[in-house]
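# Per-entry structural report
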Amino acid sequence: MKYERLGSSSLQVSRICLGSMTWGLQNSQADANQQIDYAQMHGINFIDTAEMYAVPPSTDTYGKTETIIGNWLSANPSRRKNIVLASKIAGPGFSYIRDSSKISAKTVISAVEGSLKRLQTDYIDLYQLHWPNRQSPHFGNHWPNANNHTSVNAEQQTEEMLDILHGLDNCVKAGKIRYCGLSDDTPWGINQYLQLSKEHNLPRMVSLQNEFNLLHTKDWPYLIENCVHEDIAYLPWSPLATGLLTGKYINGLRPSGSRFTLMQRHGLFRDTENANAAVKAYVEIAKQHQLSPAQLALKWCDQVDGVTSTIIGATSLAQLTENIDAFSEPLPKAAVDDIKQVLKQFPSPF
């Protein structure tokens, strides 16, 4: 296993991060225990979760994933020091999470307390803002005019960011979190936080996790360049595009128990005619290079310059094994060249 420094932090994280959002709905405590143990056996020291999980989110599943991880930590206290544990505070939008309130210093402090109790740990290594208070170009909202930037009150947003940093500072000084990060954010968001941290001597954001995969490459090159030169770890989530890149949903297929058979908060916006055509092309490239479609997609993500650690998830140990194996050897140059042609044909298929 290869390890990288997590941005400007002192943490060394594995090139693979174990995602956990299925634990508590599609996966049980026993499944999660097995996945964590297997991942650690293969050198993965980085686990990502969130207070909102399991996914799809609901009142019934809120906090269940953190509780499952907490149960594992309680049963394996000596192994806590070997894990870089990341969690996230939910942004506005859920009536059952702090009455849909925005992220603020007050809600950060409250959410950290709740996560620590569920995780049964004294500290969280990386605490992230799951999404900004303002609308951001994620979850299919990346097309022109999907966001109305000119109507945003930048001064108000900056004041909210400063307030949030004060809440994070409170938690860092109390020893409850070690480092802070962002999720589903933009270059403007990154740079505002960095500037405020410098001006007010507050915690510096060390990482950003955004969706990034063969069907969704919008962060390259501008946002990733920003991360590289500002020493922000870039952590792709959904490198398989919620399973699309495995090929299992080609031509409208819906395998029993798969994610696309469950309720989706934003709908199946990734499932488009162009995405279907692109996936077919990637499946064919995988066959030509004797790889599974999932391995092709994961290998591609891993070789992108500026990627620190790729967040993977699985609903079975067989899937997890296949996904981890994808990182053992680099993607052949011929496959990279083949992929470039498809990317040019389908640069943004959903």
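As shown above, the structure is provided for reference.
Position labels on residues start from 1 in each chain and follow its written sequence. Totals for whole chains, interfaces and linings use all residues, but because this is a predicted model, local features are given only for residues with pLDDT of at least 70 and pairs of side-chain atoms are given and counted only at 80 or more. The side-chain quantities take in all heavy atoms of the structure and omit both hydrogens and water.

### Remarks on the packing of aromatic side chains
Any aromatic ring pair is given by two values, namely how distant the centres are and how the planes are angled relative to each other. Paired rings are identified among Phe, Tyr and Trp, the last through its six-membered ring, by centres lying within 6.5 Å, and are further divided according to the angle between planes into stacked (under 30 degrees), edge-to-face (over 60) and tilted (the rest). Evaluated as defined, the whole model comprises 8 aromatic pairs. Arranged with centres 5.7 Å apart and planes meeting at 85°, the rings of Phe212 and Tyr234 form a pair that is edge-to-face. Taken as a pair, Phe212 in the loop between β8 (205–211) and α6 (222–229) and Tyr234 in strand β9 (residues 233–237) lie far apart in primary sequence, 22 residues in all. When the ring of Tyr249 is compared with that of Phe260, the centres are 3.8 Å apart and the planes differ by 5°; the resulting orientation is stacked. Within this pair, whereas Tyr249 is found in the loop between β9 and α7 (273–288), its partner Phe260 is found in the loop between β9 and α7, the two being separated by 11 residues in sequence. Tyr249 gets classed as buried once you look at its relative accessible area, which sits at 1%. Assessed through its relative accessible area of 7%, Phe260 is described here as buried. Put simply, the rings of Tyr62, Phe94, Tyr96 and Trp131 pair up and form one aromatic cluster. To qualify as a helix, a DSSP run of H or I must reach at least 4 residues; to qualify as a strand, a run of E must reach at least 2; elements of each kind are numbered from the N terminus. Accessibility here uses a 1.4 Å probe with only protein chains present; expressed as a share of the type maximum, an area under 20% marks a residue as buried, one over 50% as exposed, and anything in between as partly exposed.

### Digging into the sheet that holds strand β4 (residues 46–48)
Only strands that DSSP links by at least two bridges are regarded as paired with each other. As summarised here, the arrangement of the 8 strands in space is β9-β8-β7-β6-β5-β4-β3-β10, forming an open sheet in which the pairing is parallel. Here the strands that pair on one side only, and so sit at the sheet edges, are β9 and β10 (310–312). Ignoring strand direction, the axes of neighbouring strands in this sheet form an average angle of 30°. Sheet topology places strand β7 (residues 177–183) next to β8; 3 bridges connect them, and they run parallel. Note on β8: the bridge partner recorded for Ser183 is Gln209. Most of the contacts of helix α4 (residues 154–173) go to β7, to which it runs at about 150°, and overall it touches β6 (124–129), β7 and β8. Axes here refer to lines fitted to C-alpha atoms; in helices the fit is confined to the stretch in contact. Angles between the N-to-C directions go from 0 to 180 degrees. The contact rule is simple, with two residues in contact once any of their heavy atoms fall within 4.5 Å.

### Comments concerning the nonpolar core
As a rule of thumb, soluble globular proteins bury nonpolar side chains together. Only buried residues count toward a nonpolar core. Its members are Ala, Val, Leu, Ile, Met, Phe, Trp, Tyr and Cys residues joined through side-chain atoms within 4.5 Å. Formed by 86 residues in total, the largest nonpolar core has its most connected members in Leu215 and Tyr282. Here the element with the most residues in this core is α7; it accounts for 7 residues. Ranked by size, the runner-up nonpolar core spans 13 residues in total, among them Val13, Phe46, Ala86 and Ile311.

### Details of empty space enclosed by the protein
Only protein atoms enter the 1 Å grid used here. Points where a 1.4 Å probe fits but cannot escape make up a cavity, open sets with protein on both sides within 12 Å along at least five of seven lines make up a pocket, and a residue lines them when an atom lies within 4 Å of a point. Grid points are joined across faces, edges and corners, and a volume is the space filled by probe spheres set on the points. According to the stated counting rule, one finds 3 cavities of 30 Å³ or more in the structure shown. Estimated volume of the largest cavity: approximately 80 Å³. Around the largest cavity, the lining comprises 13 residues; the ones closest to its centre are Pro132, Asn133, Met161, Ile164 and Tyr193. Volume-wise, the second largest cavity comes out at about 40 Å³. Along the walls of the second largest cavity sit Leu244, Tyr249, Ile250, Asp271, Thr272, Ala275, Asn276 and Val279, which together make up its complete lining.

### Some thoughts on the packing of helix α1 (residues 29–41) against helix α9 (residues 317–325)
Any two packed helices are characterised by the angle at which their axes cross and by the distance between the axes. Running from amino to carboxyl end, α1 crosses α9 at an angle of 25°, the nearest separation of the two axes being 10 Å. Between α1 and α9, the angle is such that the two are roughly parallel. Taken as a pair, α1 and α9 cross one another with a handedness that is right-handed. Every residue of α9 that contacts α1 at Gln34, Gln35, Tyr38 and Ala39 is listed here: Leu317, Leu320, Thr321 and Ile324. Under the scheme applied, nonpolar residues are Ala, Val, Leu, Ile, Met, Phe, Trp, Tyr, Cys and Pro; charged residues are Asp, Glu, Lys and Arg; polar residues are all the others, including Gly. Tallied by class, the residues present in the contact of α1 with α9 amount to 5 nonpolar, 3 polar and no charged. With respect to orientation, any angle under 35 degrees is reported as roughly parallel, any angle over 145 as roughly antiparallel, any angle of 65 to 115 as roughly perpendicular, and every other angle as oblique. Handedness of each helix crossing follows the sense of rotation of the near helix against the far helix: counterclockwise by less than a right angle gives left-handed, clockwise gives right-handed.

### Notes on the environment of Leu208
Along the chain, Leu208 falls in strand β8. For Leu208, a relative accessible area of 0% corresponds to the buried category. Along the primary structure Leu208 and Ile190 are separated by 18 residues, whereas in three dimensions their C-alpha atoms are 8.3 Å apart. If we ignore the near neighbours within four places in the chain, the residues touching Leu208 are Leu182, Ser183, Asp184, Asp185, Ile190, Leu223, Cys227, Ile232, Ala233, Tyr234 and Leu235.

Such coordinate-based values are descriptive only and should not be taken to indicate function.
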